[in-house]
Structure formats: structure tokens, C-alpha cells
Amino acid sequence: MPSPRPAIRYPLGKLTGFVVSTKMEKTVVVRVPFLLWNFKVQVQEKRNSRIWAHDEYELAREGDAVRLTQCRRLSKNKAHYVDAIVRREDSSLGIPSPYPNAHRLVEEIVRPEQGEQEDSEAAADGTADGAAPAA
């Protein structure tokens, strides 16, 4: 009878890993470690997945811990993008927050913030300071 515990566990998170290579343009190779339970000998094995991820502005460096997000297929081997740099290898404070990527920029253009919409509506009514329009 199989064990009730899951066969695969991700110690860092499902799509969190370390940058292994940055040799390609706008692409990084990320090593995602996971633990696999071997039912036959009742032992956990450490394994790694290598995932190609899109890094639009090439901010990730080798050794950085990064979080990935799944997206549409960008090429034959690439279907993820770098969502955030969790930790730099040299512990420097050069982590941009929020991490700039094309997906986030498109969302900002398509869905502007609510405050900007209210300001534009107030300007159209002639009440920039929020006072009631004169009758």
C-alpha cells in the first residue's frame, strides 16, 4: 500500500531555484531542487530540475535564488519567466522591487490603477479638489 505522504516535495517552493547559467540572451537556466520519496527502499532522494526561464531585463546573475512563474510557451524549451529575485548570491541589496518584467508592465497598461480613473473622472466633472460642481 502506498504511503500517504506525497512523492515529491519542494524545499524552497514549487518554482523557486538557483540560477545556473546566464549565457543566453534574455534567458536563464534555473536549478529547482526537489525531494523524491523512493517507496521501494523508503528513502528520500535529492534531485534537480533544470528550467529555462525568460529574464527580460537580464537582472538575474548566477547563484541568485529566483522565483519563477509559468506562462505561455515562449520557445521550444522556455515556458516560465523570472517573477522575482528572492536572494542575491553575494547578499547585496540590489534587488528591484517589484521586479520589472514584460508581463507586469502589460498588466499596468491594460488595467490602470483605480486612483488614476477617479482623478480623470473628477477632472472631467470640473471638480479637481473633490468639491461639488457649481449648479
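The shown structure was predicted, so the numbers you read here are calculated from the model rather than taken from an experiment.

Colleague: Quick rundown of the overall build of the chain? Include the residues and the values.
Modeller: For the chain, the helix and strand inventory stands at two helices and six strands. Across the 135 residues of the chain, 28% fall into the buried class. Carbon and sulfur atoms form 52% of the exposed surface of the chain, whose accessible area is close to 9700 Å².

Colleague: Mind laying out the side chain of histidine 80, listing which residues take part and the relevant values?
Modeller: In this structure, histidine 80 sits in strand E6 (residues 78-87). Look past the residues within four positions of histidine 80 in its chain and what remains in contact with it is Leu15, Ile51, Trp52, Ala53, His54, Leu68, Thr69, Gln70, Cys71 and Leu74.

Colleague: Which residues make up the nonpolar core, and what values go with them?
Modeller: Val19, Val28, Val30, Val32, Ile51, Ala53, Ala60, Val66, Leu68, Val82 and Ile85 together form the largest nonpolar core, which totals 11 residues. Listed by contribution, the elements that provide at least two residues to this core are strand E3 (27-38), strand E4 (43-54), strand E5 (65-70) and E6. With three residues, E3 is the single largest residue contributor to this core. In contact with valine 66, not counting residues within four places along its chain, are Leu15, Thr16, Gly17, Val19, Val30, Ala60, Val82, Ala84, Ile85 and Val86.

Colleague: Any chance you could break down the pattern of salt bridges for me, citing the residues and the numbers?
Modeller: Taken as a whole, this structure holds four salt bridges when the rule is applied. Glutamate 45 is paired through a salt bridge with arginine 47; the nearest N and O atoms lie 2.8 Å apart. The class of arginine 47 is partly exposed, set by a relative accessible area of 41%. The closest approach of N and O atoms between aspartate 64 and arginine 88, which form a salt bridge, is 2.7 Å. Taken together, the residues aspartate 64 in the loop between E4 and E5 and arginine 88 in the loop between E6 and helix H1 (102-110) connect sequence positions 24 residues apart. Accessibility expressed as a relative area gives 5% for arginine 88, which makes it buried.

Colleague: How would you explain the pairing of E3 if you had to name every residue and give the values?
Modeller: Among the 12 residues of E3, 10 are classified as buried, and the element is accordingly described as predominantly covered. Relative to E3, strand E2 (residues 16-21) runs antiparallel, the two being bridged by three bridges. Among the inter-strand pairings, phenylalanine 18 is bridged to a residue of E3, identified as arginine 31. Between E2 and E3, which pair antiparallel in sequence order, lie five residues; one of them, lysine 26, sits at a positive phi of approximately 60°. Across 12 bridges, E3 lies against E4 in antiparallel orientation. Residue pairing for E4: valine 30 is matched across the bridge by isoleucine 51. The antiparallel hairpin formed by E3 and E4 contains four residues in its connecting segment, where glutamine 42 sits at a positive phi of about 55°.

Colleague: Just give me the short version of the environment of valine 43, but keep the residues and values in it.
Modeller: Structurally, valine 43 can be placed in strand E4. Accessibility expressed as a relative area gives 41% for valine 43, which makes it partly exposed. Ignoring sequence-local partners within four residues, the contact set of valine 43 consists of Leu36, Trp37 and Asn38.

Definitions and limits used
- Residues numbered from 1 in each chain as written.
- Predicted model: local features only at pLDDT ≥ 70, side-chain atom pairs only at ≥ 80, totals over all residues.
- Heavy atoms only, no water.
- Helix = DSSP H or I, 4+ residues; strand = E, 2+ residues; numbered from the N terminus.
- Buried < 20%, exposed > 50% of the residue type's maximum accessible area, 1.4 Å probe, protein only.
- Areas by Shrake-Rupley, 256 points an atom, 1.4 Å probe, with all protein chains shown as cover.
- Contact = heavy atoms within 4.5 Å.
- Core = buried A, V, L, I, M, F, W, Y, C linked by side-chain atoms within 4.5 Å.
- Salt bridge = Lys/Arg side-chain N within 4 Å of Asp/Glu carboxyl O.
- Pairing = 2+ DSSP bridges.

So, to be careful, I would describe these as geometric facts and stop short of saying anything about function.
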